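Each chain is listed here by its residues.
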Amino acid sequence: MKIRVMKKRDWKKCLELWQNIPEMGLNSIDDTKEGIVRFLRRNPKTCFVAETDGIFAGTIIAGHDGRRGYIYHTAVLPPVQKTRNCNRTAPSRNGRA
């Protein structure tokens, strides 16, 4: 599994992952191509994806307002939650951003 900084081109795979997570709580304004790209422009180094075999297994979307930091979407594909170390690695990676 590879964890890397999220890029603007990743928006579609991220959205597909989030749509497959029960009770993710997506909205029609921020969780769109435009909303995701806008967020990544403001927060280019605080959002990560975990990939395995070309599949997005997890994401963590975090940002700040200059003073406070927020984690918005932390998601791990349900089958991966039980078989990989993604859910422990991504938050620690984000803390070093």
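For the structure itself, look to the data block above.
Residues numbered from 1 in each chain as written. Predicted model: local features only at pLDDT ≥ 70, side-chain atom pairs only at ≥ 80, totals over all residues. Heavy atoms only, no water.

A.B. asks: Describe in detail a positive patch on the surface, supporting the description with residues and values.
C.D. replies: A cluster of basic side chains, namely Lys8, Arg38, Arg41 and Arg42, defines a positive patch on the protein surface. Position of Arg42 relative to the elements: it lies in helix α2 (residues 33–42). Among the residues examined, Arg42 registers a relative accessible area of 53% and is labelled exposed. (Patch = residues over 30% accessible without salt bridge, like charges linked within 9 Å, V, L, I, M, F, W, Y side chains within 5 Å. Areas by Shrake-Rupley, 256 points an atom, 1.4 Å probe, with all protein chains shown as cover. Salt bridge = Lys/Arg side-chain N within 4 Å of Asp/Glu carboxyl O. Lys, Arg positive; Asp, Glu negative; His and termini not counted. Charge placed at Lys NZ, Arg CZ, Asp CG, Glu CD. Helix = DSSP H or I, 4+ residues; strand = E, 2+ residues; numbered from the N terminus. Buried < 20%, exposed > 50% of the residue type's maximum accessible area, 1.4 Å probe, protein only.)

A.B. asks: Could you give an account of the packing of aromatic side chains, with specific residues and numbers?
C.D. replies: All chains considered together, the criterion is met by two aromatic pairs. Each ring, one from Phe39 and one from Tyr72, has its centre 5.4 Å from the other, and the planes form 85 degrees; the classification is edge-to-face. Pair noted here: Phe39 is in helix α2 and Tyr72 is in strand β4 (residues 69–76), with a separation of 33 residues, a long-range link. Here the aromatic rings of Tyr70 and Tyr72 are separated by 5.9 Å at their centres, their planes lie at 35 degrees, and the arrangement is tilted. Classification of Tyr70 by relative accessible area gives partly exposed; the value is 35%. Residue Tyr72 is classed as partly exposed on the basis of its relative accessible area, which comes to 47%. Ring-pair connections join several aromatic residues into one group, and the members of that group are Phe39, Tyr70 and Tyr72. (Phe/Tyr/Trp six-rings, centres within 6.5 Å; stacked < 30°, edge-to-face > 60°.)

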